[in-house]
Amino acid sequence: YRLAAGLSQRELAERSGITRQAVNAIEQGRYVPGTSIALRLAQILGCRVEDLFVLEPDVEVVESAFIPPAQPVGGPWRAQVATVEGRLVAAPLEGRLATIATAQALVEEGPQTLARLRPGEADPERMLFVAGCDPALGLLAAHVARRNSSFCVCWLERSSSVALRLLGERLVHIAGSHLTDPETGAADLDAIRRLVPGLSLVVITLSEWREGLIVARGNPLGIRGAVDLVHPGLGVVVREEGSGSRLFLERMLRAAEVSSVALLRPLRVLASHWAVGQAVADGWADVGPGVEVVARALGLGFVPLQQVRFDLVIPRHVMEDVRMGVLLDVVASGPFRQELEALGGYDTRMAGRLVTEW
């Protein structure tokens, strides 16, 4: 209102009889003036007092568990909240979700993580946390919301290894995995058992997808496989240690009889498939391991190298939740599968199929 009136802080201060420091403190929310000053400010600015000052909505401050952000940034964090095995868990909104999703809580991390819930907006019982790196999980969340308004799915974009660890720590309801055996390339169920100890699990296929190398449109450098990555002038980005894409890249290098030591030059480590694709699209990388759906979405080239299965790893007790019936119905439904295949790089013939359980 001050800017709209064409006034500086000093001019407003002089006209309202207070100091410029007081005006600054009011604008920063650090000082609430008395009634007479509030009325004078509103009169000068040509508005109502309630246009300038409103009561903060009531909040409920509770202790919660906290899922660390994928990128180390300082708090407080805008977050979603869910009840996982009887305790409140807060997950920071980050990446693309940070700008398109409404936060249910503000979270401050300290000796005790405190979540400031917004009554009427935060219902932890309605939220399912699903962690994994597959963009299909975001599409799955949208289809679930369309099918059933009684609960929400929140996709946490994490590598397969991190997603499984979060599941093992009882911080999410479902983890997605495309970890493969270092030698055979088959789905690595032993890694799931190792990363999620002590839980009876059900493994269900979401889809199969094509993995390979994301390159510039038209592949101007003629990259054909992992062996080309050792060229000293090539700008290569990689995923973090333990991610499915990093394990895939290391296996491709071994198959080409190329030592990963050959890649020991300055490499940028990125935390998602989308970040790899964006690096190539922005021109500060020539190539990186990733998935076809991201390359297509960004209008880039793609060199397919393998097709792997992406699985949902679900604790047996979560399978008994009525919400899981809705989610798995969506996974197997025609509309979801058709839209997923339309994104490119997906094969949904196995969607919803039981892989194994223990």
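Before going into details, it helps to say that this report is about the structure given with it. (Residues numbered from 1 in each chain as written. Predicted model: local features only at pLDDT ≥ 70, side-chain atom pairs only at ≥ 80, totals over all residues. Heavy atoms only, no water.)

1. Some words on the side chain of Thr-83
Argument step 1. Mapped onto the elements of the fold, Thr-83 is located in strand 3 (residues 77-84).
Argument step 2. You can call Thr-83 buried: its relative accessible area is 17%.
Argument step 3. Separated by 3.2 Å, the side chains of Thr-83 and Glu-125 make a polar contact.
Argument step 4. For Thr-83, the residues in contact, after removing those within four places along its chain, are Pro-124, Glu-125 and His-173. (Helix = DSSP H or I, 4+ residues; strand = E, 2+ residues; numbered from the N terminus. Buried < 20%, exposed > 50% of the residue type's maximum accessible area, 1.4 Å probe, protein only. Polar contact = N/O pair within 3.5 Å; in protein donor to acceptor, adjacent residues only side chain to side chain. Contact = heavy atoms within 4.5 Å.)

2. As for the packing of aromatic side chains
Argument step 1. Within this structure, the stated rule accounts for three aromatic pairs.
Argument step 2. Consider the rings of Phe-66 and Trp-77, whose centres lie 4.9 Å apart with planes at 40 degrees: the pair is tilted. Within this pair, whereas Phe-66 is found in strand 2 (residues 65-66), its partner Trp-77 is found in strand 3, the two being separated by eleven residues in sequence.
Argument step 3. Of the residues examined, Trp-77 reaches a relative accessible area of 12% and is grouped as buried.
Argument step 4. Chaining the aromatic ring pairs together yields one cluster made of Trp-209, Phe-310 and Tyr-346.
Argument step 5. It is Arg-193 that lies over the ring of Trp-358; its NZ or CZ is 4.0 Å from the centre. (Phe/Tyr/Trp six-rings, centres within 6.5 Å; stacked < 30°, edge-to-face > 60°. Lys NZ or Arg CZ within 6 Å of the ring centre and 35° of its normal.)

3. Considerations on the sheet that holds strand 4 (residues 87-92)
Argument step 1. The sheet built from six strands is open, its strands ordered 1-6-5-3-4-2 with mixed pairing. Of all strands in the sheet, those with a lone pairing partner are strand 1 (60-63) and strand 2, marking the two edges.
Argument step 2. Both strand 2 and strand 4 contribute to a ladder of two bridges, which runs parallel. Looking at strand 4, one finds that Ala-65 is bridged to Val-89. (Pairing = 2+ DSSP bridges.)

Don't take any of this as a statement about function, it's just geometry.
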